[in-house]
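One letter stands for each residue in the lines below.
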Amino acid sequence: NDDEVPSISITDVTIVEPTATGGNAYAAFWVTLSNQHYLGLVTVDYQTTDATLIDGSTSDRSATAGAGFDYVGLVPGTLSFGAGETEKFLTVTIKGDDIDEYDEAFYVNLFNPAYSTIRDDRGYGIIMDTDAAPVVRIDPVGGQPSPNEFMVHVNEGNYLTQGVNFDVTLTGKTSRTVTVTWDA
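For clarity, every value in this text was computed on a predicted model and none was experimentally measured.

What is the right way to look at the packing of aromatic side chains in this model?
Each aromatic ring pair is specified by the distance between its two centres and by the angle formed by the two planes. Counted under the stated rule, the structure contains four aromatic pairs. Centre to centre, the rings of Y107 and Y124 are 5.5 Å apart; their planes meet at 40 degrees, and the pair counts as tilted. In this pair, Y107 is assigned in strand β10 (residues 104-114) and Y124 in strand β12 (residues 122-128), connecting sequence segments 17 residues apart. Through a chain of ring-to-ring contacts, three or more aromatic side chains come together here, namely F29, Y71 and F106. Taking the ring centre of Y107 as reference, the NZ or CZ of R122 above it sits at 3.8 Å.

Set out below in structure tokens:
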């Protein structure tokens, strides 16, 4: 038979993470067959795996999407193309949260083709975070804040040094490292 052996490909997907905890979004990965097989049935196995996304050139800005936490991993299975079919899709559920974090990644892997070859075996899923970064708050403990929010007035003692304590807090959640620098 002179019919060309079909090849299978999968798309990459970028999706915005839902902002509310408990909210979901759906990443649809299109799996395509280059042409129909003369016997009519083509199959390929699939599964999801966590991936590391490097944001920039430093490793401290990398994030891995976690199955069960950031997305719902697909139960490994087999995708079947029947007679006349050249497109299918696999849908991955993306879970929302309210944590400021770096963009994250995962894969949908294709393997073990029957009656075909694989041209692109990995769909790359990127989850874009849109949660607002928390704000650092610095509040004096025991002192009197002045109208200038960066100054605190403290009554001096008689020939003694009096310290000032500050509470340093974040207004929200983050998975990033937060650094506060001060000058006394």
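Hey, could you run me through the nonpolar core in this one?
In summary, soluble globular proteins display a tendency toward joint burial of nonpolar side chains. Judged by nonpolar contacts, the single largest core of 24 residues is most densely connected at F29, V31, V92, I94, F106 and V108. At the level of elements, β1 (7-10), β2 (13-16), β3 (24-33), β4 (42-54), β7 (77-81), β8 (87-95) and β10 are the ones that each hand at least two residues to this core. If you tally residues by element for this core, the top one is β3, at five residues. Once you skip the residues sitting within four places of it in the chain, V31 turns out to touch I8, S9, I10, L79, F81, T86, E87, K88, F89, L90 and L110.

Just checking my understanding: could you explain the environment of P140 for this structure?
Along the chain, P140 falls in strand β13 (residues 136-141). The spacing of P140 and D167 is 27 residues in sequence and 6.3 Å in space, taken between C-alpha atoms.

Cut-offs applied
- Residues numbered from 1 in each chain as written.
- Predicted model: local features only at pLDDT ≥ 70, side-chain atom pairs only at ≥ 80, totals over all residues.
- Heavy atoms only, no water.
- Phe/Tyr/Trp six-rings, centres within 6.5 Å; stacked < 30°, edge-to-face > 60°.
- Helix = DSSP H or I, 4+ residues; strand = E, 2+ residues; numbered from the N terminus.
- Lys NZ or Arg CZ within 6 Å of the ring centre and 35° of its normal.
- Core = buried A, V, L, I, M, F, W, Y, C linked by side-chain atoms within 4.5 Å.
- Buried < 20%, exposed > 50% of the residue type's maximum accessible area, 1.4 Å probe, protein only.
- Contact = heavy atoms within 4.5 Å.

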